[in-house]
Amino acid sequence: MLKKRFEDEKLSEEKVAKLKELGRLCRGDILKMTTVAKSGHPGGSMSSIDIYLTVFSNAAIDPKDPFNPQRDRIVVSHGHTSPGVYSALGRLGFLDIDDVIAGFRLAKSPYEGHVTRGIPGVEWSTGNLGQGLSAACGMALAAKIRGEDYHVFALMSDAEQAKGQVGEARRFAKKYGLSNITVIIDYNDAQISGHMRNVMYVNIKGEYEAAGWRVIETDGHDYSQIYNAVRYALVNNDVPTAILARTIMGKGVSFMEDDVTYHGKPLSVDECDRALKELGLENDLEKYIEKRKQFDKPHFEVPTYDVKVDTGESRIYDVSQSVANRDAFGRALADIVFFNEKKKGNTPVAILDCDLKPSTKTNMAESVAPQSFYQVGIQEHNAATIAGALSAQGVVTFFSDFGVFGIDETYNQQRLNDINRTNVKLIVTHVGTDVGEDGKTHHCVDYTGALRNLYHFNLVVPQDANQTDKVIRYIAKVYGNYAVAIGRSKIPIIRKKNGEAFFDENYKFEYGECDLFRKGEEVTIFSYGQTAHIAVKAADELEKEGIKVSVIGVPCPFELPKWIGEYITSKHIITFEDHNVHTGLAASISEFITDNGTYPKTFDKIGLTDYTRSGTAKMLYEMEGLDVESLKDKVRKVINR
C-alpha cells in the first residue's frame, strides 16, 4: 500500500537526521560513480540531492511497487543530474546502489548519463532541457481525466527556465487548473558557462507569478524548509506552486562549491579521495572499478498499457464525391470520442489542438465531446510533449497540427516521445505542396524523411477519405506512436476497375500492407497520399492507349510487404510523390530493392527537388510534374527507352 504523501505536519528531528545522513552518503555515491565512469555531472547532482531525497522519501511511491498506477509521478527535468537521482533511488531501496555506482554511464548498464524511463522511480527520459514541466502537465492532466489522486512533482534546474517551452507549460497548467503539480527548482545560479544571472538572466519568480502560480522561496539544503514548502503547496492546492530552492553547486565538498567547472566534470581519483575524506566516507573506488569490468545488466523495460477503445462503425464515402482526407479524419475522430465515452472501462481519448481546429477539423470532435478537447494555443513544443506524457499515462492522445509544426517544428519533442515509447496519435493535416498558397514555409515536404529517423514512430499516408477513416479508427485501438500525414485538398475516392470504391466496407487496414490499385505489365508506379489518385487516373488513361501499368499504393512507407517485389523485378518502376524526392517514398522503395535484391530495369523518381512557390495545389502540381499528363509522358518515355 502506498504511503500518504508528505503526511507529517513537519519533519521530526529523527527524520531530519536520517535525511542528512542519506545526503552525506549520496554525495559520496555521486562522486564515486562519476569518478569511476570518468564522466558525468557531479556539481548539479550535489546541489539537487537534498531536494531529491526530500521528495522521493515523502511522495506516495513505493520501492516494492514502483509502477503502482496510483503512485505520485516525479519528473526530473534536468536529467543530467542522474547521479543524484540514481543515488537517491539507490539509498531509498528502488535500485541496487552498488550496481549504480559500478555501472553508471556504461554501455552494458541501464544507468545512462541522463535519467531513463523504465528505471524504477524514473517517470520520463529527459535531458533535452525545458521539457520536464510539459511532461508533468501531461501526467497531471491524465490524473484529472482518469479521476486519479496522484500528485506530480517537476524537479527542475534554474537555467532551463530561460527556455520558451517552460513558459508555455506554465500557462497551460494555470489554464487547466493543474494544481496537482508542484515544481521545485534547484536555484544554484550555475551552469556550464558561468553564473546563470550572467549567462541569461531570468526573473524566475516574476515569470511564475505572472502566469498565475504561487511561488515559495526556500533553502534547498534545509530538509525541513523543503518539506514545509512542499507540504504547504499540497495543502493549499488552489493553484500550481513553484518552489525556488536556493542551493550551491557542488554542495558538501569545499573545493567544489559554487565552481561551475564541476557542472560536467568528474573528479580525478586523487580529487575524489580528498572529497570522500571531507565527507567522512570510505574510499572504496577500487571495488567499483573492478566490478565495472565485469558489469553486464539489461535495460529496464518501459511500461505500456492495454488499449480498449470503441471506435464506432466506419464511414464509407461514395465514389461520386471528392473529399478531403482531413474531413474524413475529423468525422472519424468525432465518432471515436462520441462512442468511446458511452462505455465505462474504456481507455479515455484526449485531443490536443494548437489553435488550428477549423483547419485540422478537430472542431468536429470538440462539438460532440468538448470535455475531451484541450486547446493548447500556439504552443506546439509544449503540446507535443504534453501529448507524449499524457498518452503514456493511460490516455489515447490525438495531437493534430500542420505538418511543418507537428513534425518539423517539434522534431525534438517527438524524438523524446519516441525514446519514451509513448502512445501519441500525431495527425498532420497539411503536408506537401498540396498546402498550396501558403507557400514554401508551410509546404511540409520532408515529413517522411524526418520521421524515418525515429526508430519507433509508425507513419501512415492514407490515399483517400475511405482509407483515412479506416486508418484513424485503427490507430486509436493500438498502442504506439503513429503519425498520419494528410493533405489539405479535396481528392477523389479511389475506385476499383469496376467503378466501385476500392476501400469499401470489406476493406480492413493493416499496418505494413500496400494496395494494388491497378495491375499492368512492364511499368509499376508507386505512390501514396494525395498523389495516389493521380497515378490511378494516369494508368486508366494509358490503358486506353494500350499501355497497361501497375499502380501500387504505399500508405505505410516504413514497412513494405514482400509481395511488391514481383512488381519491381525486371520492371520499369516510378515513384510518384508530393515530397522531397530524396527522402520520401523513393527512399523506401530503394531500400526495399537493396534489402531484397529485387532489381528493376529502370527506376525513375518523380517528386520535389527544391522548395516550390505559392499557388493553387493544381498549379503547383503541374509545375512540378505531379499531374496526370506529366506522369503519362514519363511512362511513355520509360517504355520507349
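Please read these numbers as outputs of a predicted model, since none were measured by experiment.

Visitor: I tried to follow helix H11 (residues 285-293) on my own but got confused; where do I start?
Guide: Residues separated by three or four positions in an α-helix point in the same direction, a consequence of the helix having 3.6 residues per turn. Listing the buried residues of H11 in full gives Leu285, Tyr288 and Arg292. Here the buried residues of H11 occupy an arc of 65 degrees about the axis, which is enough to place them on one side. Buried residues belonging to H11 abut helix H1 (13-37), helix H4 (97-103) and helix H10 (269-279).

Visitor: Would you take a moment to explain the sheet that holds strand S17 (residues 523-527) for this structure?
Guide: Strand pairing in a sheet is mediated by backbone hydrogen bonds. Such pairs are either parallel or antiparallel. The strand order S16-S18-S17-S19-S20 describes an open sheet built from 5 strands, whose pairing is mixed. Where the open sheet ends on each side, the last strands, each with one partner, are strand S16 (515-518) and strand S20 (602-608). Each neighbouring strand pair of the sheet contributes to a mean axis angle of 20 degrees, computed without reference to strand direction. Together, S17, strand S19 (572-580) and S20 form the strand contacts of helix H21 (residues 585-596), whose direction differs from that of S19 by roughly 140 degrees. Along the sheet, helix H23 (residues 628-639) contacts S17, strand S18 (549-553), S19 and S20; its crossing angle with S19, the most-contacted strand, is approximately 150 degrees.

Visitor: What is the right way to look at the nonpolar core in this model?
Guide: Taken as a class, soluble globular proteins show a tendency for nonpolar side chains to be buried jointly. Residues Leu133, Ile181, Val183 and Tyr208 are the most contacted members of the largest nonpolar core, which totals 82 residues. Broken down by element, the residue count for this core peaks at 9 residues, all from helix H5 (residues 132-146). For valine 183, the residues in contact, after removing those within four places along its chain, are Leu133, Ala154, Met156, Tyr208, Trp213, Thr241, Ala242 and Ile243. With 62 residues, the next largest nonpolar core counts Leu95, Ile97, Val100 and Ala102 among its residues.

Visitor: Any chance you could explain the sheet that holds strand S1 (residues 73-76) here in plain terms?
Guide: The strand order across the open sheet formed by 5 strands is S1-S2-S3-S7-S6, and the pairing between neighbours is parallel. Where the open sheet ends on each side, the last strands, each with one partner, are S1 and strand S6 (214-219). When strand polarity is set aside, the average angle formed by the axes of neighbouring strands in this sheet is 20 degrees. Relative to strand S2 (residues 152-157), S1 runs parallel, the two sharing 4 bridges. Considered in S2, the bridge of arginine 73 is made with valine 152. The strands that helix H2 (residues 42-58) touches are S1, S2, strand S3 (181-187) and strand S7 (241-246); relative to S3, the one it contacts most, it runs at about 150 degrees. Against the sheet, helix H9 (residues 223-235) contacts S2, S3, S6 and S7, and its axis sits at roughly 165 degrees relative to S6.

Visitor: When you look at the pattern of salt bridges in this model, what are you seeing that I'm missing?
Guide: A side chain of one charge can pair with a side chain of the opposite charge if their charged atoms are brought near each other. Applying the stated criterion across every chain yields a total of 33 salt bridges. Note that arginine 91 is salt-bridged to aspartate 29, the shortest N-O span being 2.8 Å. With arginine 91 in helix H3 (residues 82-91) and aspartate 29 in helix H1, the pair connects residues that are 62 residues apart, well separated along the chain. Using a relative accessible area of 1% as the deciding quantity, one classes aspartate 29 as buried. Of the charged contacts in the structure, one is a salt bridge between arginine 636 and glutamate 545, with a shortest N-O distance of 2.7 Å. A residue pair is termed long-range when its members are at least 10 positions apart, and arginine 636 in helix H23 and glutamate 545 in the loop between helix H20 (532-543) and S18 qualify at 91 residues. Since its relative accessible area comes to 24%, arginine 636 is described here as partly exposed. Classification of glutamate 545 as partly exposed rests on a relative accessible area of 41%.

Visitor: Hey, could you run me through a nonpolar patch on the surface in this one?
Guide: On the surface, a cluster of nonpolar side chains totalling about 240 Å² of accessible area is made up of Phe338, Phe339 and Val368. Classification of phenylalanine 339 as partly exposed rests on a relative accessible area of 31%.

Visitor: Looking at this model, I keep getting lost on the packing of aromatic side chains. Mind explaining?
Guide: The relative placement of two aromatic rings is captured by the distance of their centres and the angle of their planes. For the structure shown, the criterion picks out 21 aromatic pairs. Relative to tyrosine 176, the ring of phenylalanine 172 lies with its centre 4.8 Å away and its plane at 45 degrees, an arrangement referred to as tilted. Judged by its relative accessible area of 24%, tyrosine 176 falls in the partly exposed class. Ring geometry for phenylalanine 402 against phenylalanine 405: centres 5.8 Å apart, planes inclined by 10 degrees, an arrangement best described as stacked. As far as burial versus exposure is concerned, phenylalanine 402 and phenylalanine 405 are alike and both buried. Ring pairs connect the aromatic residues Tyr86, Phe104, Tyr111 and Phe300, which therefore count as one cluster. Between the NZ or CZ atom of arginine 73 and the centre of the ring of tyrosine 150, over which it lies, the distance is 3.9 Å.

Procedures and definitions
- Residues numbered from 1 in each chain as written.
- Predicted model: local features only at pLDDT ≥ 70, side-chain atom pairs only at ≥ 80, totals over all residues.
- Heavy atoms only, no water.
- Buried < 20%, exposed > 50% of the residue type's maximum accessible area, 1.4 Å probe, protein only.
- Helix = DSSP H or I, 4+ residues; strand = E, 2+ residues; numbered from the N terminus.
- Arc of directions from axis to C-beta.
- Contact = heavy atoms within 4.5 Å.
- Pairing = 2+ DSSP bridges.
- Axes fitted to C-alpha atoms, helices over the stretch in contact; angles between N-to-C directions.
- Core = buried A, V, L, I, M, F, W, Y, C linked by side-chain atoms within 4.5 Å.
- Salt bridge = Lys/Arg side-chain N within 4 Å of Asp/Glu carboxyl O.
- Patch = residues over 30% accessible without salt bridge, like charges linked within 9 Å, V, L, I, M, F, W, Y side chains within 5 Å.
- Areas by Shrake-Rupley, 256 points an atom, 1.4 Å probe, with all protein chains shown as cover.
- Phe/Tyr/Trp six-rings, centres within 6.5 Å; stacked < 30°, edge-to-face > 60°.
- Lys NZ or Arg CZ within 6 Å of the ring centre and 35° of its normal.

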